[in-house]
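# Tertiary structure, described
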Amino acid sequence: MVHALSEIRRVLIPSGILIDLRPMLDRWEVEVASARETNVTGRVNDFEIGVADDTAANRSMAEAESNGWFIREREEFFSYVYSWDTPHEMEEWINEEWNDFIELDEEATHATRSAWALSDGDARAQLRMKMLIARWRKGE
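Residues numbered from 1 in each chain as written. Predicted model: local features only at pLDDT ≥ 70, side-chain atom pairs only at ≥ 80, totals over all residues. Heavy atoms only, no water.

### A closer look at the overall build of the protein chain
Each helix and strand in the protein chain was counted, giving four helices and six strands. Secondary structure elements in the protein chain, listed N-terminal to C-terminal, are α-β-β-β-α-β-α-β-α-β. Projecting the C-alpha coordinates of the protein chain onto the three principal axes gives extents of approximately 60 × 30 × 20 Å. Counting every position in the protein chain, which comprises 140 residues, the buried fraction comes to 35%. Within the protein chain, residue pairs in contact and separated by at least 24 positions form 80% of the contacts whose partners lie at least 6 positions apart. As displayed, the protein chain offers around 8,400 Å² of accessible surface, 50% of which is attributable to carbon and sulfur atoms. (Helix = DSSP H or I, 4+ residues; strand = E, 2+ residues; numbered from the N terminus. Buried < 20%, exposed > 50% of the residue type's maximum accessible area, 1.4 Å probe, protein only. Contact = heavy atoms within 4.5 Å. Areas by Shrake-Rupley, 256 points an atom, 1.4 Å probe, with all protein chains shown as cover.)

### Re the sheet that holds strand S6 (residues 124-138)
Pairing is antiparallel across the open sheet formed by four strands, whose spatial order is S2-S1-S6-S4. This sheet does not close on itself; its edge strands, each paired only once, are strand S2 (38-43) and strand S4 (70-84). This sheet shows a mean twist of 35° between the axes of neighbouring strands, independent of strand direction. Of the strand pairs in this sheet, strand S1 (residues 17-33) and S6 are connected by 13 bridges, and their pairing is antiparallel. In the sheet register, Ala-33 faces S6, and the bridge partner there is Arg-124. Against the sheet, helix H2 (residues 48-66) touches S1, S4 and S6, its axis set at about 155° to S1. (Pairing = 2+ DSSP bridges. Axes fitted to C-alpha atoms, helices over the stretch in contact; angles between N-to-C directions.)

### Re the nonpolar core
Counting 15 residues, the largest nonpolar core has Ile-102 and Leu-127 as the members making the most contacts within it. Of all the secondary-structure elements, those providing two or more residues to this core are S1, helix H3 (87-97) and S6. With four residues, S6 is the single largest residue contributor to this core. Discounting residues that sit within four places of it in the chain, Ile-102 has contacts with Leu-25, Trp-28, Val-44, Asn-45, Asp-46, Phe-47, Ile-94 and Leu-127. Core analysis: the second largest hydrophobic core is formed by ten residues, Val-2, Leu-12, Leu-18 and Trp-69 among them. (Core = buried A, V, L, I, M, F, W, Y, C linked by side-chain atoms within 4.5 Å.)

### Looking at unusual backbone geometry
The backbone phi angle of Ser-15 is positive, close to 60°, even though this residue is not glycine. If you trace the backbone, Ser-15 turns up in the loop between helix H1 (2-11) and S1. Taking the relative accessible area as the measure of exposure, Ser-15 reaches 38% and is therefore partly exposed. Here the phi dihedral of Arg-27 falls at roughly 45°; this positive angle occurs in a residue that is not glycine. Classification of Arg-27 as partly exposed rests on a relative accessible area of 38%.

What follows is the structure in structure tokens.
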């Protein structure tokens, strides 16, 4: 990633802005949400490879900052919610798209299915992700 940051720095205009926007693994909450209420039914398990990716990206940004390539102007965390009509759709998505980074254990799976079955007709299965957004200005 340091090489990519070096290339970004090369092509970015003087005093240009780099936006770092990415999910951060943090045992994201699994929820069942309706218009009436939101119930947390568990958390996903983070795999070490995903945590290592986050650590490597953070290390690369820190190295770019220490090299003077970029100056961090602001950094925030916020929630981003992925939503599915049913728990089954959520489970399929996790298994097909994110199977290298997270897993939904049996306890959270059963709790989510049960809460969804007992909820209002508009209930959806959700995953509340932790997102990082940082603004970096190109250094001199």
